[in-house]
Amino acid sequence: MRVALFVPCYVDQFYPKAAIATLELLEKLGCEVHYPKNQTCCGQPMANSGYEHLTGGCNNLFVDNFSGYDYVVCPSGSCTLHIKEHLHADGKEDQATEIRKKVYELTEFLVDILRVKQLSASFPYKVGLHHSCHGLRGLRIAQMSELVAEPFSKPAQLLDLVNGLELVPLSRQDDCCGFGGTFCVVEEAVSAKMGKDRVADHISHGAQYITSADLSCLMHLEGILRRQNSDVKVIHVAEILNNSL
Amino acid sequence: MSTATTKDHPHLAAEFNRDEPRVNWHDETLWWVRAKRDIAAHKLPEWELLRETASQIKFNVLSNLSTYLEQFEANATKNGIIVHWAADATEHNQIVHGLLEQKGITKMVKSKSMLTEECHLNEYLKEQGIDVIDSDLGERIVQLANEPPSHIVLPCIHKKKEEIGDIFHEHLGSAKGESDPKILTETARQHLREVFLTRRAALTGVNFAVAETGEFVICTNEGNADMGAHLAEIHIASMGIEKLIPERKHLGVFLRLLTRSATGQPITTYSSHFSKPQEGTEIHIVIVDNGRSIQLGREEFRNSLKCIRCGACMNTCPVYRKSGGHSYHTAVAGPIGSILAPNLDMKKYADLPFASTLCGSCSNVCPVKIDIHDQLYKWRQVIVKEGYSPKAKTMAMKAMALTLASPTLYRMGGKTGRLVFKYVPFAVNNKLNPWYNQREMPKAPDESFGEWYAKRKGAKNS
């Protein structure tokens, strides 16, 4: 199985450990992982700011980098969703369509494609699971609290396989953290308040770590935790699943 | 009613956030309403089917709107109701004033109408010397406070009971410092009873207008719409063109959804059907367009007209909960308001589609399944293309697009201290950067993943 690893730009630049964990985890689970080295960004920062018309260059580059693999896997729900919903390229629309069908967020890839039923990972801590809205309501990697429907959670299902890990309950299981791309600076007051309230929910339930399938949310929550001099840390779900595997 | 303002959502929201305990209280109050909605929805196993059915019925209405409007007009007229058509807010206000003037009426009681907020009817009538009293308790409170409603279903949700006590003490003569909700409600009731008994004209909104029968339905908890309408000699009902449903039986879908979504109640205390005037009285319906047919013509935004004004999207919206209804500076606040308002004035409301993280909770609670968050995204594209985006932002976005489209520029930026993110504000550590105001910067690692990977491959190969 030839898998292309899609590492979002901010993960590449600021959180290489999460990308390394993703790569190692996929390899240990038997995938032939390729990292197309000319990749940059999915184009979402422009598109969500109203500049989707400027993403042509990013789209072209993405198609060139990621065509021809069995799957494209990404440790970010948000970037995956953007590709799934918005990747189009003039003259290469067939390839773009192919990629839109083959792109997976890491936890949904592990659960739905690799059908991971056991892991020898261990992480003996109390962990709060933050659902990113794009992973949750866009990709539906877990059930959404608004709907009258059976609950499930792909990241939680995987975290349950980790030795010693205790998932803590939350008062608001899927309230948004307030990152929102450029929202985090344009609407700084509301963004920060939303983040502070999410952090408080995790802390009040005894979380030692906050994890998520999206580092953009975690980057925002980490910024708040560090400003508060909190002992609570953020960690990408791949780093937990890859821990002492 | 709306306060004249040039401030946009980020500024108004920042002002609201200066009082953090108040933000907490506002957030928790609305979350409590959202939680009640969840409990009510989960009691119906067929909830999602109901939403889908309501959505389909409304799609049918929007696809055949002119037919249903004419059918409704014909049937209402047959029932003895007088139907008026208003192209915009001004026409609506003039029609209402004309009706009052004809009868020499200078005082009117009003209930359950966000449309008249949208049309600024109260201000218009005040200028014409007409005294309007809002009879819904929440509406009355904000009217006395000289403020617009902050929420379409819970108009004074931003006011604490102590503040309401002060307003009542000043205007209605309740005891100073009295904040017991029961006593305050009774004070309002006594005050309004006199109003109901002496007003010759009553204006109400319309929740549903039934094309098949020519009747209209108003949903209230306080019963004040009925009291006003039944005691007055002229009842004026204002409705937007989108309020139609084809048949009476469809109420069985919408009445089950409306209040469960709004407040978590199974149904409003009163669902009042008005089909013909009592003897010696008149019923007038003013059917208002005010930009709706333009929205109907915008394919991507058309289905925002499915809205039945339950307010569920506001209660669930974390941005609304933490910024308050007034920060949206428009009659209908929150996510739904942010996709409706740009249609009326794209420049004035260019900020609203950006007052969202696109989290999508609004679309999930919407009882008629409007794709609210997708429309927020689409409005952003339209607003930028129409030139209502700040120039500096456009320049930054262009530079960013250029960098990210080139692996060479991207890697160069990365090597010089993660400079690739110089256009993304969270990478700059200074006081001018809004990220840094309440958050630490992410720590830049020694090497990027790309740099690490290049070495790893090299090591393997050698």
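Residues numbered from 1 in each chain as written. Chains lettered and ligands numbered in written order. Predicted model: local features only at pLDDT ≥ 70, side-chain atom pairs only at ≥ 80, totals over all residues.

Description of the overall build of chain B
Right, so step 1: The helix and strand inventory of chain B stands at 22 helices and ten strands.
Right, so step 2: Along the three orthogonal principal directions, the C-alpha set of chain B runs to about 100 × 55 × 45 Å.
Right, so step 3: Across the 462 residues that make up chain B, the buried fraction comes to 49%.
Right, so step 4: The contacts in chain B between residues at least 6 apart in sequence include a share of 72% that link residues at least 24 apart. (Helix = DSSP H or I, 4+ residues; strand = E, 2+ residues; numbered from the N terminus. Buried ≥ 20, exposed ≤ 12 C-beta atoms within 10 Å, placed from the backbone. Contact = placed C-beta atoms within 7 Å.)

Focus: the overall build of chain A
Right, so step 1: Along chain A, the regular secondary structure elements total 13 helices and eight strands.
Right, so step 2: For 245 residues, the compact-globule estimate of 2.2 N^0.38 gives 18 Å, and chain A sits close to it at 17 Å.
Right, so step 3: By the burial criterion, 61% of the 245 residues in chain A qualify as buried.
Right, so step 4: Within chain A, counting contacts between residues at least 6 apart in sequence, those at least 24 apart form 77% of the total. (Rg over C-alpha atoms; globule rule 2.2 N^0.38 Å.)

Regarding the sheet that holds strand β5 (residues 208–210) of chain B
Residues and elements named next belong to chain B.
Right, so step 1: Pairing in this open sheet of four strands is mixed, and the strands run β8-β5-β6-β9 from one edge to the other. A single partner strand is all that each edge strand has here, and the edge strands are β8 (244–245) and β9 (270–274).
Right, so step 2: Note: β5 against β8, two bridges, orientation parallel. Following the sheet pairing, V210 is matched in β8 by I245.
Right, so step 3: Contacts between helix α11 (residues 224–231) and the sheet are confined to β6 (215–220) and β9, with β9 contributing the most and set at about 30° to the helix. (Pairing = 2+ DSSP bridges. Axes fitted to C-alpha atoms, helices over the stretch in contact; angles between N-to-C directions.)

Considerations on α11(B)
Right, so step 1: Every buried residue of α11(B) is accounted for by N224(B), A225(B), M227(B), G228(B) and A229(B).
Right, so step 2: Among the structural elements, β2 (107–111), α10 (181–198), β4 (201–204), β6, β7 (234–240) and β9 of chain B are those in contact with the buried residues of α11(B).

Thoughts on the interface of chain B and chain A
Right, so step 1: With 62 residues of chain B at the interface, the matching set in chain A holds 59 residues.
Right, so step 2: The greatest single-element share of the side of chain B that touches chain A, amounting to six residues, is contributed by helix α18 (residues 372–385) of chain B.
Right, so step 3: For the side of chain B that touches chain A, the class distribution of residues is 37 nonpolar, 15 polar and ten charged. (Nonpolar A, V, L, I, M, F, W, Y, C, P; charged D, E, K, R; others polar.)

Describing unusual backbone geometry
Residue and element names in this part refer to chain B.
Right, so step 1: Phi at K112 is positive, roughly 50°, even though this residue is not glycine.
Right, so step 2: Turning to its location among the elements, K112 is positioned in the loop between β2 and α6 (115–118).
Right, so step 3: Backbone geometry at N146 places phi at a positive 55°, although glycine is not the residue there.
Right, so step 4: Among the structural elements, N146 can be located in the loop between α8 (137–144) and α9 (161–172).

Quick word on the nonpolar core
Right, so step 1: If you look at the biggest cluster of nonpolar residues, it comprises 205 residues, and the most contacted ones within it are V72(A), V73(A) and F216(B).
Right, so step 2: Among the elements that line this core, the one with the most residues is helix α12 (residues 215–227) of chain A, at seven residues.
Right, so step 3: Residue contacts for V73(A): discarding those within four places in its chain leaves V3(A), L5(A), F6(A), L26(A), Y104(A), L106(A) and F109(A). (Core = buried A, V, L, I, M, F, W, Y, C linked by C-beta atoms within 7 Å.)

What about the pairing of strand β7 (residues 209–212) of chain A?
All names here are of chain A.
Right, so step 1: Relative to β7, strand β5 (residues 126–130) runs parallel, the two sharing four bridges. Of the residues in β7, the one forming a bridge with H130 is S212.
Right, so step 2: Relative to strand β8 (residues 233–236), β7 runs parallel, the two being bridged by four bridges. Bridged to I210 within β8 is V234.
Right, so step 3: The β-α-β motif built from β7, the intervening α12 and the parallel element β8 has right-handed crossover chirality. (Right-handed = clockwise from strand over helix to strand, strands pointing away.)

Some details on the domain arrangement of chain B
Right, so step 1: Domain assignment breaks chain B into domain 1 (61–293) and domain 2 (391–461).
Right, so step 2: Placing a centre on the C-alpha atoms of domain 1 of chain B and another on those of domain 2 of chain B gives a separation of 54 Å. (Domains from an automatic or database assignment.)

Regarding the sheet that holds strand β6 (residues 166–167) of chain A
Sheet strands pair by backbone hydrogen bonding; their relative direction is either parallel or antiparallel.
All names here are of chain A.
Right, so step 1: Read from one edge of the open sheet, four strands run β6-β5-β7-β8, paired in parallel fashion. The open sheet has two edge strands, β6 and β8, and neither has a second partner.
Right, so step 2: Across the sheet, α12 is in contact with β5, β7 and β8; its angle to β8 comes to roughly 165°.

A few points about the domain arrangement of chain A
Residue and element names in this part refer to chain A.
Right, so step 1: Assigned domains of chain A: these are domain 1 (2–113) and domain 2 (126–241).
Right, so step 2: On a C-alpha basis, the centres of domain 1 and domain 2 stand 22 Å from each other.
Right, so step 3: Contacts between the two partners involve 25 residues from domain 1, matched on the other side by 22 residues from domain 2.
Right, so step 4: Listing elements by their share of the side of domain 1 that touches domain 2, those giving two or more residues are α1 (9–14), α2 (16–28), α3 (44–51), α5 (77–86) and α7 (106–113).
Right, so step 5: Of the residues contributing to the side of domain 1 that touches domain 2, the split by class is 13 nonpolar, nine polar and three charged.

Description of the pairing of strand β1 (residues 2–5) of chain A
If a strand is regular, its side chains alternate between the two faces of the sheet.
Residues and elements named next belong to chain A.
Right, so step 1: When β1 meets strand β2 (residues 32–34), the two strands line up parallel, connected through three bridges. Pairing of R2 across the sheet is with E32, part of β2.
Right, so step 2: Note that β1 and strand β3 (residues 71–74) share three bridges and pair parallel. From the neighbouring strand, L5 faces β3, where its bridge partner is V73.

Some words on the environment of T55(A)
Right, so step 1: Structurally, T55(A) is set in the loop between α3 and α4 (56–66).
Right, so step 2: When the C-alpha positions of T55(A) and D174(A) are compared, they lie 30 Å apart, and in sequence the two are 119 residues distant.

Observations regarding the environment of L255(B)
All names here are of chain B.
Right, so step 1: Turning to its location among the elements, L255 is positioned in helix α12 (residues 251–262).
Right, so step 2: Taking the number of C-beta atoms within 10 Å as the measure of exposure, L255 has 18 and is therefore partly exposed.
Right, so step 3: On a C-alpha basis, the gap between L255 and I267 in space is 6.6 Å, while along the polypeptide they are twelve residues apart.
Right, so step 4: Ignoring sequence-local partners within four residues, the contact set of L255 consists of I267 and S271.

Digging into the packing of helix α16 (residues 334–344) of chain B against α18(B)
Residues and elements named next belong to chain B.
Right, so step 1: Closest axis-to-axis distance for the α16/α18 pair is 10 Å, and the angle between their directions is 35°. Relative to α18, α16 is oriented so that their crossing is left-handed. Between α16, through P335, I336, S338, I339 and P342, and α18, the contact on the second element is made entirely by I372, Q375, L376, W379 and I383.
Right, so step 2: For the contact of α16 with α18, the residue count by class is eight nonpolar, two polar and no charged. (Left-handed = near helix turned anticlockwise from the far one by under 90°.)

Considering α4(A)
Right, so step 1: Where α4(A) is concerned, the buried positions are C58(A), N59(A), L61(A), F62(A), V63(A), N65(A) and F66(A).
Right, so step 2: At its buried positions, α4(A) is contacted by β1, β3 and α6 (93–102) of chain A together with α19 (391–404) of chain B.
Right, so step 3: Positive phi appears at G68(A), one or two residues downstream of α4(A), with a value of about 90°.

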